[in-house]
Amino acid sequence: MQIPNIMLHQSPELKLSLEKSMEAEHAKRSLAFFDLETTGLGHACEIVQLAAVSGCNSINLYTVPRCRMQSRAAKVTGFRVRRHRLFLNRQPVLTNSLKDVFLSFMAFLRMLGRPILIGHNIRRFDCPVLLRALDELDLRVEFQSIITGCLDTLPLARDICKDNGYKSFRQENLVRELLGVDYDAHNALEDVRSLQALYWALQPTSQLISRHFFTLETIVKPKHPVSNVVAEDLYPEIVPSVLST
């Protein structure tokens, strides 16, 4: 969490006290891990699946996108749209309107009492997609009022594991390295369940949480396509061909 500018002019003792207060505030908050599956890599893509978990509580919702699934993203995730119906691995899934998906998600977050929203690579991908949908539904202000802020586990993990020699900080690689398991990546529900376990394995300190904490107000609307780095963290299997097109 960035320290307000006013703190830069305070005494070291007062600055440390304020930092500890922010850390204590974060420690008291409940945590909600979330993930999106989308129609592709670009920031103009649409949501197909939204899942979240907090402890033993979870939510898993699907919606039919208005744009086509990118073929290679469909191959990785298993999602297809046929005659306005959504299929996952060739099986039809129950869907809701995008608004109903967000209203259910917000009800889940309210139950947790202004949680910290946590995800992997969310600052550069999931949050901009999330905010675009919230703006379209006129729900941004209400949504921001029911969460404390956000935490991206990608830079957090890089910070914690920087001396471990890992070649990749993709979530599935971290889960394999730290938890010794493989899971169904690119399924939002399995992603958030694994991320919750990964988070506790990382054991981030309050100081590190504060360092990587951010609010949705700080998210700048993307002006360019998704970068190679962001894309590789999302769908490493399809990056070369998708980015070339």
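Reference entry: report on the structure contained in this document. Everything quoted here is computed from the prediction, not taken from an experiment.

### Describing the sheet that holds strand β9 (residues 213-214)
One open sheet holds the six strands; their spatial order is β3-β2-β1-β7-β8-β9, and the pairing between them is mixed. Where the open sheet ends on each side, the last strands, each with one partner, are β3 (57-62) and β9. With three bridges connecting them, strand β1 (residues 31-38) and strand β7 (residues 116-119) associate as parallel partners. Looking at the pairing, L31 lines up with I116 of β7.

### Comments concerning the pattern of salt bridges
The full count for this structure, using the stated rule, is eight salt bridges. Across the pair E46 and R66 runs a salt bridge whose closest N-O atoms are separated by 3.1 Å. With E46 in the loop between β1 and β2 (47-54) and R66 in the loop between β3 and α2 (71-77), the pair connects residues that are 20 residues apart, well separated along the chain. E142 serves as the salt-bridge partner of R110, at 2.4 Å between the closest nitrogen and oxygen. Remark: E142 occurs in helix α5 (residues 140-145) and R110 occurs in helix α3 (residues 98-112); sequence separation between them is 32 residues. Residue classification places R110 among the partly exposed positions, given a relative accessible area of 41%. Residues joined in a network through salt bridges with shared partners are E46, R66 and E136.

Rules behind the numbers
- Residues numbered from 1 in each chain as written.
- Predicted model: local features only at pLDDT ≥ 70, side-chain atom pairs only at ≥ 80, totals over all residues.
- Heavy atoms only, no water.
- Pairing = 2+ DSSP bridges.
- Helix = DSSP H or I, 4+ residues; strand = E, 2+ residues; numbered from the N terminus.
- Salt bridge = Lys/Arg side-chain N within 4 Å of Asp/Glu carboxyl O.
- Buried < 20%, exposed > 50% of the residue type's maximum accessible area, 1.4 Å probe, protein only.

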